[in-house]
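# Descriptive structure summary
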Amino acid sequence: MRPSSHAYLELLLCAPLALTLACQSAQKTAFMPPVQAQAPALVASGGPPDPRQKPTAAAAEPQTKPQTPRALQADPVADLIAKVEKEYQAGQDNYQAGHLEAAKQNFDAAFNQLLGSGLDLRSSTDDRLEHELDRILDGINSLELAALRQGDGFAEQKSEPAPIDEANELTPAVDQKVKAKAEAEIKSTRSGLPLMMTDQVAGYINYFSNRGRPTVEHALARSGRYEDMIRRVLQEEGVPEELIYLAQAESGFHPLAVSRAGARGMWQFMGSRAKGYGLERNWWVDDRQDPEKATRAAAHHLKDLYNEFGDWYLAMAAYNSGPGTVQSAVKRTGYADFWELYRRNVLPKETRNYVPIIVAVTIMAKNPAQYGLDSIVKDKPVPYDTVKIDYPIDLRLAAECVDATTGDLLDLNPSLLRMTTPKATEKGRPFELHLPAGTADKFETAVAAIPADKRVWWRYHKVQAGETLAAIARTYHTTPKAIAEANDLDVASNTSSQSRNEALEAETRLIIPIAPGKQTDTSTYARATTHYKVRKGDTVESVAENFGVSPKMLRVWNRLKGDSLAGRRVLYLHLPVTREPAAAQVATRRAAQKPRPAATSTPASSSMLTSTSTSMSTSTSASAASGVVHHKVKAGETLYSIANSYNTTVTALKQDNRDVATLRPGMILIVRDGH
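This one's a predicted model, so the numbers in the text were calculated from it and none came from an experiment. (Residues numbered from 1 in each chain as written. Predicted model: local features only at pLDDT ≥ 70, side-chain atom pairs only at ≥ 80, totals over all residues. Heavy atoms only, no water.)

## Overview of the overall build of the protein
What the protein contains, in helices and strands, is 29 helices and 12 strands. Residues counted as buried form 48% of the 675 residues belonging to the protein. Of the contacts formed within the protein by residues at least 6 apart in sequence, a portion of 73% connects residues at least 24 apart. (Helix = DSSP H or I, 4+ residues; strand = E, 2+ residues; numbered from the N terminus. Buried < 20%, exposed > 50% of the residue type's maximum accessible area, 1.4 Å probe, protein only. Contact = heavy atoms within 4.5 Å.)

Okay, here's the thing in structure tokens:
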């Protein structure tokens, strides 16, 4: 049965919103990815008529005027359908390859091409576009539903750019003074790796002493978290401990680092090589992002390469470009010497730069005082408990079981690609979940109260002062009766009209039974309305990201559909309110030291953003005292530079700002000084 014109218009307007919300809000279950899921194929309408079809009376009449052949007529509808199909097919290909964010962008583009074409999608004389939209909706919905059965739809973990990419593009100038100084230093430097001074190495020392200095400083600070483990593993595997600096150059010791070529993790393994060294990689986990597993695999691989080439420089070159590439270069020239291969230009440019980068980083790291790096405070190792689980559980529930944040668990489990753990690994072993140190018993006790088949959906909620059963039920889209039953409360007395609205005892922890697919945004927002003046290029997604609010809520507050803000001059929004004691002050670092007057504490310039509330003004002194500020991003700033300015880390910034990956001038970031 076809919908009415009015009903179809509603479907048309709501379709992009439904897709976007499904992509962003989908929750997790525990099955392997639906790689076999196939959406209906898209076939362009408007082809030649079926020769078996009888001609109509009108068609049978003789034509008084010669007709232009159909193939020569301009057909904007067919052209549009062809473009839409191409984008949709690209989305299917990305989806099947596991590139979920790219797939979402392709599908959004397919919708936007249809909806923004200016053609009448509800034409009474040509229904090809209407059929096309129906086919795309059916196709995308089938993929989305298949993904939802796996628990998280198009949700995908955020990554960090690998610092090696930026350095590898450069050919830094040589400073002869720097070179002479380094040559003198390496004579007294003890190292299990050979340290040779060349113009290329000196050039990178010069680069990392100036423009690239923040990269080195950040990596050295982060190294403290993993250094003991890495050195222990390298020693156990019988390879030089100085290979730790390969990880520093590759990833800055960031487990989520991803290169432009797709290498991933602290040791930047490509997928095929990782599998060969026992690193599991599937829909749920990627062991390339597990610091210890990846370190051991890298040590094995480097040891194998050294045994093959008998030279650590050639081994490192092969680690970068593959042993076949290096073997071919050696055979072509007859030289098993990296610097000779460098001079003869028989290695890829990336590989030619790779070894000098690692040697330069090694020399600087082993001589910190000479390069002004001795004052860097290294991160402390983060101890953790490990529990082996053979059931899927949402990380949010796991965090609530141990009174931690979801960010804490994501940080302790970087190999997890989703917000849900797998039922078991591909090899049939239980999944090893890392928890904050000393919380394993607490977790086991708390999770035992949740039915095993509900641990992907149900939640714990700690009652805040003044909260009622009815209010909590509304927040989680469930009923007071369901909460009362799940917690063995007196249903009769706790679900009556009076009892539902009585304040519960603060700090009580309640089990929240949520039906699959009914999770909602449980963030707390200020009552005060903030007005934002829309700028050119703004979208619902970009504005929501800038202010740390849910795109869904931004649409609700402004009765928006889709992501476009075309025609909107002002948006109304409510700033997120943290449950922590002190609210955040909008300030630069200087303002954090000397608070501004309350009237100026707004998240953007007064010409762009005004607030109808004065509630933020009371938080200025408390915010500064707590070391929590809001930083307004300036042109040219990066997550690295901001983290270094506030003595914090990129991971901390992303955790406090909803995993923001792209910065724009004017964006407001929450910063916890010395996080």
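## A closer look at the pattern of salt bridges
Should the charged atoms of two oppositely charged side chains come close, the side chains can pair. This structure, assessed with the given rule, holds 28 salt bridges. Here aspartate 286 makes a salt bridge to arginine 264, at a shortest N to O gap of 3.8 Å. Of this pair, aspartate 286 sits in the loop between α11 (271-276) and α12 (291-309) while arginine 264 is found in the loop between β2 (257-258) and α11, placing the two residues 22 residues apart along the sequence. Between arginine 459 and aspartate 394 there is a salt bridge, and its shortest N-O distance comes to 3.3 Å. Within this pair, whereas arginine 459 is found in strand β5 (residues 459-462), its partner aspartate 394 is found in the loop between β3 (384-389) and α17 (395-401), the two being separated by 65 residues in sequence. Overall, arginine 459 belongs to the buried group, its relative accessible area being 5%. Note on aspartate 394: relative accessible area 0%, which makes it buried. (Salt bridge = Lys/Arg side-chain N within 4 Å of Asp/Glu carboxyl O.)

## Some details on the packing of helix α10 (residues 244-251) against helix α16 (residues 349-366)
Look at α10 against α16: their axes get within 9 Å of each other, and the N-to-C directions meet at 115 degrees. Judged on the interaxial angle alone, α16 and α10 are roughly perpendicular. The element α10 and its partner α16 pack so that their crossing is right-handed. Between α10 and α16, the contacting residues are Tyr245, Leu246, Gln248, Ala249 and Glu250 on the first element and Tyr354, Ile357, Ile358, Val361, Thr362, Ala365 and Lys366 on the second. Looking at the contact of α10 with α16 residue by residue, the class counts come to eight nonpolar, two polar and two charged. (Axes fitted to C-alpha atoms, helices over the stretch in contact; angles between N-to-C directions. Parallel < 35°, antiparallel > 145°, perpendicular 65-115°, else oblique. Left-handed = near helix turned anticlockwise from the far one by under 90°. Nonpolar A, V, L, I, M, F, W, Y, C, P; charged D, E, K, R; others polar.)

## Some words on the environment of serine 321
Within the secondary structure, serine 321 is located in helix α13 (residues 312-321). Along the primary structure serine 321 and proline 348 are separated by 27 residues, whereas in three dimensions their C-alpha atoms are 7.8 Å apart. The contacts of serine 321, once residues within four sequence positions are left out, are Val326, Pro348 and Thr351.

## Looking at the nonpolar core
If you look at the biggest cluster of nonpolar residues, it comprises 74 residues, and the most contacted ones within it are Ile205, Phe208, Ile230, Trp267, Tyr319, Phe338 and Ile363. If you tally residues by element for this core, the top one is α16, at 10 residues. The residues contacting isoleucine 363, other than those within four sequence positions of it, are Ile186, Leu195, Met197, Val201, Ile205 and Tyr371. Core analysis: the second largest hydrophobic core is formed by 29 residues, Trp284, Val285, Leu409 and Trp458 among them. (Core = buried A, V, L, I, M, F, W, Y, C linked by side-chain atoms within 4.5 Å.)

## Focus on the packing of α12 against helix α14 (residues 323-333)
Packing of α12 against α14 leaves a shortest axis separation of 12 Å and a crossing angle of 15 degrees. It follows from the interaxial angle that α12 and α14 lie roughly parallel. The way α12 lies across α14 gives a crossing that is right-handed. Of the residues in α14, those in contact with Leu305, Glu308 and Phe309 of α12 are Pro323, Val326 and Gln327. Across the contact of α12 with α14, the residue classes tally to four nonpolar, one polar and one charged.

## Details of the packing of aromatic side chains
One pass over the structure, following the stated rule, counts 10 aromatic pairs. Through pairs of rings, three or more aromatic residues link up here, namely Tyr313, Phe338, Trp339 and Tyr342. The side chain of arginine 455 reaches across the aromatic face of tyrosine 391, ending 4.4 Å from its centre. (Phe/Tyr/Trp six-rings, centres within 6.5 Å; stacked < 30°, edge-to-face > 60°. Lys NZ or Arg CZ within 6 Å of the ring centre and 35° of its normal.)

## Quick notes on α12
Taking 1.5 Å per residue as the helical rise, α12 with its 19 residues ought to reach 27 Å, and the 27 Å between its terminal C-alpha atoms agrees with that figure. Listed as buried for α12 are Pro291, Ala294, Thr295, Ala297, Ala298, Ala299, His301, Leu302, Leu305 and Phe309. Each element contacted by the buried residues of α12 is listed here: α9 (213-236), α10, α11, α13 and α14. Sitting at the amino-terminal end of α12 is aspartate 290, which places a side-chain oxygen 3.2 Å from the backbone nitrogen of glutamate 292. Of the residues one or two after α12, glycine 310 is the one with positive phi, at around 70 degrees. (Expected span 1.5 Å × (residues − 1). Polar contact = N/O pair within 3.5 Å; in protein donor to acceptor, adjacent residues only side chain to side chain.)

## Quick word on the confidence of the model for the protein
This prediction gives the protein a mean pLDDT of 76; 70% of its residues lie at or above 70. Averaged pLDDT values over the elements of the protein bottom out at 29 in strand β9 (residues 585-586) and peak at 97 in α12. Low confidence marks residues 1-65, where pLDDT is under 50. Its contacts with residues over four positions away, or in another chain, come to 128 contacts. Segment residues 577-626 is flagged for pLDDT under 50; beyond a separation of four residues in sequence, or across chains, it makes 86 contacts in the model. (pLDDT = per-residue confidence, 0-100.)

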